[in-house]
Structures are given as C-alpha cells and as structure tokens.
Amino acid sequence: MKIALPLNDSLAIYHDNAHTAPKFGIYNIDTKALNIHVSLNTIIENPWNAIKCNEYEMEQKKCECNKERQQSIRHKCEHYTLLELIHGCSFLLANRYCQNTKTMMKNGGITIIKIPPIAKEIDMAIKNFLIGASLAHTLKHIHHES
C-alpha cells in the first residue's frame, strides 16, 4: 500500500492544510508475515507552490475558506491538483484539510487519516497510522456502555 504525507521544505511533517504543503512524501508499506516494512518511494514537489511562490493566505493554510470560495470552481480545481499529485496512494495522512480536499480525495479513492498535531516526526505519524489501522482491522464489535 502507498501513503502520502505532506512535508515542509525541511522534509518534516507539514501541519497546516495539506493542500498548501510544499512537498509530499510517498511511502510504501509492505507486510510480510509479522513484519512491516516502510520505505520512502519518492518526494513530490507541490506544483501549487511554484504558482503561489509559497505565499498562501492564512485562511487557506488554516482551512478557513469562506463558503463563496469553497463553492468556486477554481478553488475546487486547485484541490483536484492534489489528487493528481498523489494518485495511486490509498491514504493521505494529514493534520489539516478542508472539505474540498476531503471530497476530492474521496472521489479519487484516497482516504484521509488525521494525524495528531503532536506527531512531529514522520516515523511517529506512520506508526500512529499503522497502530490505528491494525487496531481498527482487528476489532470485531464495539460495545457502548451507558
């Protein structure tokens, strides 16, 4: 399976809106027997950064776009670029993302998994994802107690 992780210019986790990340790390996760192998496949530059010169509005970085902007076809197309960029991945691990990003990823078959803001290192974010995915996969029933 492949996962995508938004990265900053220093190749650390980017915690603002994934759509505004300077780069994306694409990682392969392979399971063989009881072993899990994680490897970096590639690092992809976000083409919007070349257009925007890394100068996004604060509302874009913080996912606080107004309704008019969210409905704009141009804005939706900007988010489609992210789908094109990380196609082939099963998951996008991100701290922040807007509704348009969520919709585009869902339409492209990519599930967004929220990573905690305290995950500062790539290894920790991937381990958090793997533990959560493993636990969710093995649970059969959740009993709600009152």
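The structure this text deals with has already been given above.
Residues numbered from 1 in each chain as written. Predicted model: local features only at pLDDT ≥ 70, side-chain atom pairs only at ≥ 80, totals over all residues. Heavy atoms only, no water.

Trainee: Just give me the short version of the overall build of the protein chain, but keep the residues and values in it.
Mentor: Helix and strand counts for the protein chain stand at six helices and five strands. What you see in the protein chain, going N to C, is helices and strands ordered as β-β-β-α-α-α-α-β-α-β-α. With 146 residues in all, the protein chain has 38% of them scored as buried. The contacts of the protein chain with a sequence gap of at least 6 include a subset with a gap of at least 24, amounting to 51%. Entry remark: accessible area of the protein chain is about 9,100 Å², with carbon and sulfur atoms responsible for 54%. (Helix = DSSP H or I, 4+ residues; strand = E, 2+ residues; numbered from the N terminus. Buried < 20%, exposed > 50% of the residue type's maximum accessible area, 1.4 Å probe, protein only. Contact = heavy atoms within 4.5 Å. Areas by Shrake-Rupley, 256 points an atom, 1.4 Å probe, with all protein chains shown as cover.)

Trainee: Describe in detail the pattern of salt bridges, supporting the description with residues and values.
Mentor: The tally for this structure, following the rule as stated, stands at two salt bridges. Measuring nitrogen to oxygen at the nearest pair gives 3.6 Å for the salt bridge that ties Asp16 to Arg96. You can see Asp16 sitting in the loop between β1 (2-7) and β2 (23-32) and its partner Arg96 sitting in the loop between β4 (91-94) and α5 (99-107), a full 80 residues away along the chain. Under the relative-accessibility criterion, Arg96 is labelled partly exposed at 30%. In this structure, Lys23 engages Glu45 in a salt bridge whose closest nitrogen and oxygen atoms are separated by 2.5 Å. Of the two residues, Lys23 is situated in strand β2 and Glu45 in strand β3 (residues 35-45); the sequence distance between them amounts to 22 residues. (Salt bridge = Lys/Arg side-chain N within 4 Å of Asp/Glu carboxyl O.)

Trainee: Can you explain a nonpolar patch on the surface? Please cite residues and give values.
Mentor: Side chains of Leu11, Leu40 and Ile43 sit close together on the surface and give an oily, nonpolar patch of about 230 Å² of accessible area. Within the secondary structure, Leu11 sits in the loop between β1 and β2. (Patch = residues over 30% accessible without salt bridge, like charges linked within 9 Å, V, L, I, M, F, W, Y side chains within 5 Å.)

Trainee: Which residues make up the pairing of β3, and what values do they have?
Mentor: Bridge analysis of β2 against β3 gives 10 bridges, and the strand direction is antiparallel. In the strand pairing of β3, Ile26 is matched with Thr42. Hairpin connection between β2 and β3: a loop of two residues separates the two successive antiparallel strands, and Ala33 in this loop has a positive phi of roughly 55 degrees. (Pairing = 2+ DSSP bridges.)

Trainee: So what's going on with unusual backbone geometry? Residues and values would help.
Mentor: Even without a glycine there, the phi angle at Leu11 is positive, about 65 degrees. With relative accessibility at 37%, the residue Leu11 sits in the partly exposed group.

Trainee: Let's hear about the sheet that holds strand β5 (residues 111-114): which residues, and what values?
Mentor: Across a sheet, strands are paired by hydrogen bonds formed along the backbone, either parallel or antiparallel in direction. Taken in spatial order, the five strands of this open sheet run β3-β2-β1-β4-β5, and their pairing is mixed. Edge strands, defined here as strands with exactly one partner in the open sheet, are β3 and β5. Strand-to-strand twist of the sheet, defined as the mean angle between neighbouring strand axes without regard to direction, takes the value 25 degrees. (Axes fitted to C-alpha atoms, helices over the stretch in contact; angles between N-to-C directions.)

Trainee: Lay out α5 in plain terms, naming residues and giving numbers.
Mentor: Of all the residues in α5, the buried ones are Asn100, Thr101, Met104 and Met105. One face of α5 carries all of its buried residues, which in axial projection span an arc of 130 degrees. Exposed residues pointing more than 90 degrees away from the buried face of α5 are listed as Lys106 and Asn107. Where α5 terminates, the next one or two residues include Gly109, which has phi positive at roughly 80 degrees. (Arc of directions from axis to C-beta.)

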